[in-house]
Amino acid sequence: MAPRIRHLFEFGPFLLDATEKLLRRDGQVVQLTPRVFEILLILVRNSGRLVTKEELMKEVWADRFVEEGNLTQSISVLRKALQERPGQPQFIETVPRRGYRFIAPVREVRSGQDEVIIEERTQARVFLPADGWNNRRAATRRFLLPTAGVRNLIAPPVILSGLAVVCLAAWMFYVRSRPQVTGLRAGMNAVSLRTMKSREGQSYYDARFSPDGNRIAYVIAGQNFDIRVLELSSGRDWPLTSESARDESPVWSPDGREIAFVSDRQGQLGIWAVSETGEGLRSLLALSSDTSKPGSGMPALRGWKGSRIYYDWNHNLYALDVTSNRAEKLTNFDPEKQTWVTGLSPSPDGQWIAYADYQQGRYDLWVAPAAGGSPVQITSDPAADLNPVWDPDGSRIVYYKSQGNGQDNIFIVPRTGGDSVQLTFDENRGRVTDLSPDGQSLLLCTREEQADLWAVEVGSGESRRVTADVGFNCWPSVSSDGRWLAFQKMDGERVIWNPEVSSLVIRPLNGEGQAVTVAGSFEAQWAQGHDAVAFLRSAGDLFSLYVRSLSGNERRVADGLFYYGFTFRQASSSSAKEFRWSGDGKSLAYCSSRDGFPNVYVVGADGSGDHRISAHTFPKASVYDPVWSADNSRIAWIFDGGYPPDQGRQTRSIWISDSGTVRPLVAATGKPLRLVGWTQNDELVVAELERPELSPGLPNKVLLKRLTLNGSVAAPPIELSSVYFTNLQLSPDRRNVSAVFSLEGRENIFVVPLDGSQRTQITRNDDGYVYLSATAWSPDGRTIYYGRQTKLSLLKILNSP
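In what follows, the accompanying structure is described.

Here is what the cut-offs are and how they apply
- Residues numbered from 1 in each chain as written.
- Predicted model: local features only at pLDDT ≥ 70, side-chain atom pairs only at ≥ 80, totals over all residues.
- Heavy atoms only, no water.
- Pairing = 2+ DSSP bridges.
- Helix = DSSP H or I, 4+ residues; strand = E, 2+ residues; numbered from the N terminus.
- Axes fitted to C-alpha atoms, helices over the stretch in contact; angles between N-to-C directions.
- Parallel < 35°, antiparallel > 145°, perpendicular 65-115°, else oblique.
- Left-handed = near helix turned anticlockwise from the far one by under 90°.
- Contact = heavy atoms within 4.5 Å.
- Buried < 20%, exposed > 50% of the residue type's maximum accessible area, 1.4 Å probe, protein only.
- Lys, Arg positive; Asp, Glu negative; His and termini not counted.
- Salt bridge = Lys/Arg side-chain N within 4 Å of Asp/Glu carboxyl O.
- Phe/Tyr/Trp six-rings, centres within 6.5 Å; stacked < 30°, edge-to-face > 60°.
- Lys NZ or Arg CZ within 6 Å of the ring centre and 35° of its normal.

**Brief notes about the pairing of strand β25 (residues 352-359)**
Thought 1: With 3 bridges joining them, strand β24 (residues 342-346) and β25 adopt antiparallel strand pairing. Pairing of S345 across the sheet is with A354, part of β25.
Thought 2: Where β24 folds back on β25, the antiparallel hairpin that results is connected by 5 residues, among which G350 adopts a positive phi of roughly 75°.
Thought 3: Pairing of β25 with strand β26 (residues 362-369), which is carried by 8 bridges, proceeds in the antiparallel orientation. Residue D357 lies in a different strand from β26, and its bridge partner there is D364.
Thought 4: Hairpin connection, β25 to β26: the antiparallel pair is bridged by 2 residues, and Q360 has positive phi, about 55°.

**Describing the sheet that holds strand β14 (residues 225-231)**
Thought 1: Here we have 4 strands laid out as an open sheet, ordered β12-β13-β14-β15, and antiparallel in their pairing. A strand with exactly one partner marks an edge of an open sheet, and here the two such strands are β12 (203-209) and β15 (237-239). Recorded for the sheet is a direction-independent mean angle of 25° between the axes of neighbouring strands.
Thought 2: Pairing analysis gives 7 bridges linking strand β13 (residues 215-221) to β14, with the strands arranged antiparallel. Bridging across to β14, I216 finds its partner in L230.

**Quick word on the packing of helix α1 (residues 34-45) against helix α2 (residues 53-60)**
Thought 1: Viewed as axis vectors pointing N to C, α1 and α2 meet at an angle of 130°, and their least axial separation amounts to 10 Å. The angle between α1 and α2 places the two elements in the oblique class. For α1 against α2, the interelement crossing comes out right-handed. Of the residues in α2, those touching α1 at R35, E38, I39, I42 and L43 are L56, E59 and V60.

**Observations concerning the side chain of R208**
Thought 1: Mapped onto the elements, R208 comes out in strand β12.
Thought 2: For the buried R208, no salt bridge is present, and the opposite-charge side chain at shortest range is D206, 4.7 Å distant.
Thought 3: In contact with R208, not counting residues within four places along its chain, are R215, I216, A217, S249, P250, V251, W252, L301, T433, D434 and L443.

**A closer look at unusual backbone geometry**
Note: most residues except glycine have negative phi, and most peptide bonds are trans.
Thought 1: Although it is not a glycine, N387 adopts a positive phi angle of roughly 60°.
Thought 2: For N387, the position within the fold is in strand β28 (residues 384-390).
Thought 3: Of note in the backbone geometry, S722 takes a positive phi value of approximately 55° without being a glycine.
Thought 4: Tracing the backbone shows S722 in strand β54 (residues 718-730).
Thought 5: You can call S722 partly exposed: its relative accessible area is 24%.

**So, the packing of aromatic side chains**
Describing an aromatic ring pair means giving the distance of the ring centres and the angle of the ring planes.
Thought 1: One pass over the structure, following the stated rule, counts 16 aromatic pairs.
Thought 2: Ring plane angle 80° and centroid distance 5.0 Å describe the contact between F11 and F102, whose orientation is recorded as edge-to-face. Of this pair, F11 sits in strand β1 (residues 7-11) while F102 sits in strand β7 (residues 99-102); the two residues are 91 residues apart in sequence, bridging distant segments of the chain. Pair check on accessibility: F11 and F102 agree, each one buried.
Thought 3: Ring centres 6.5 Å apart and planes at 80° place the aromatic pair Y205 and F225 in the edge-to-face group. Placement of Y205 in strand β12 and of F225 in strand β14 is noted, with a sequence separation of 20 residues between them.
Thought 4: Taking relative accessible area as the criterion, F225 reaches 15% and is therefore assigned buried.
Thought 5: Three or more aromatic residues link up through ring pairs in this structure, and these residues are F11, F14, F91 and F102.
Thought 6: The ring centre of W454 lies 5.0 Å from the NZ or CZ of R788, which sits over that ring.

What follows is the structure in structure tokens.
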């Protein structure tokens, strides 16, 4: 019999076995889903050649229609498996808007011709398709020997019979010991059913399968909350409700002819039902303080099983009998003491109740007998495990795991507890709302954000696109010679920013020079008169300050810095800055708590001369917004005492270091403040938020004040209505402020003169679905760089591979 030829590819520490469909790293198997493995194999076989997205989609998903995001997701999973660092590709190069190229050297080996691989294992193991349940790994040693030598080492019949016994025993043990899974698998494929550009507050949610699995009822939230029905086989979509009422939480009747939902229509909060065509509206139950102690917010319907509709309200589960229109309370959690019980959901047979409970600083999942008895904790990890949804046979529970760092995905766990299995990778910001009746598919309501950087000429108002690559680009900063742009690049599918998945990009504006990506770094600021850029990098709970030159030399100059994040409405840097360059580009002022108290420090660009200039001794306080005067002789900052609101104390004051003397410039106030900068006349430009009860990330009324060195107001404040507090930037000549206004549902950039003269609109954005994010002036003051940001809401169906 001719020897079996095995196709092997070696690259770096990896060995890819195309015949056995396995990837190993230093002998250890790397778990990959079948489609992710296929993508890797295609790239490796075409090493050095650009493989277009169209080629990959056609080869890998030839059996079904999926969106391009599936490919992006799979590449992300593959990068993690290959242990590539963000922004530092070792194996897979992204060619923006075109495809991918495998860039590592590849050595192909074929058994039966040159070499053969023999594995010596310390324990028996059956290599099964990567389905997420088999996490056993065997220690492996690899030998490369001539084929002829192998024939003389072992007798094939003995090996084959021995392997048969071992494999049979291992298979029986595997089948008996693993959870019995008959549907959902790791690496699910996403197909978008509905996508819409959305304004703030608009989204899809509460999607539910019909009993036959062919229709989906879902909610569109926005100015109104309406329920619609989508037929999967035909794509037909129709409204179920279209009133001014808030209609939420649809569930199908067992025969699929009616849909129940929660509504506050006609001034009455309650549960209603309507036919699948939108006819025959009827009230099933009125909810008020007289019936069942209402909680905060709307009830959530959890299912319609037989003659009972289950709903979660006020941290307890109820059942409504539709024949008698009477409700029964099924759980007895005390809302006063157990306010963090959420997601109460009955099993398909009604015998069990799953829920999430907040204890000891985290959410975990629990299952309790519906008839009464002790609950059992089924998940236990530092992440927040939320939103339990039962599979059709009631043996497992799908849930959403939020790890708080952007790594938020969907998992499944047996009802009795045990090992959870991750089903999705990088399906961030989504919530599972239902499983299909056959247990093969999930419904997911999610959102994505897209942003590119643009530039607008201040004089002419002419705009041009600066970046057009995939991802979320924001926070621009321009070098002092106007040749280089530094900006933040994030994954648009992540709602939570974190340094591990965010990179700093330094790119030439004129096309002359090589772009550089600095992984895990953010908040870039260029030095004036120098080719150096300062930025932050995570260092545990706090952050370190770095300076990098265009030549690539990088040094850490300070530690213990704060970072206050950014607003979600716009991808604008926080109103609380952590550091700023001096006007001559030789020093940095920064805020740190490395001595146990938050204070302001100054350090040279080379890390020398680091010293503290303030002497605050209140540990719960914070300091931010250090700004240098025009001649670099003074630094002002904001001190926030951090007092609890119930103490009624004013918290924020402005301090100044002047000729070595530190003193308060403005007494404490309760309103949020931001230091925009200094004018040429040594006047400090301060932004004051008029309505502190509103989020700083929303349009608000802001007062621009110019303060003298004795703290008095130099001129009448400039009142700005419906402006973003976090997006005010001082021009290089220190005479104007750029601001983003939200007027008549449209966002545009205006230039506001500090002398009180007429402001000028310089962008012409007529799209109400576009947000303008963080702005930055060019050094010559002729151009303003900014982000154009779009939010997408998506209704997806995830299918098992």
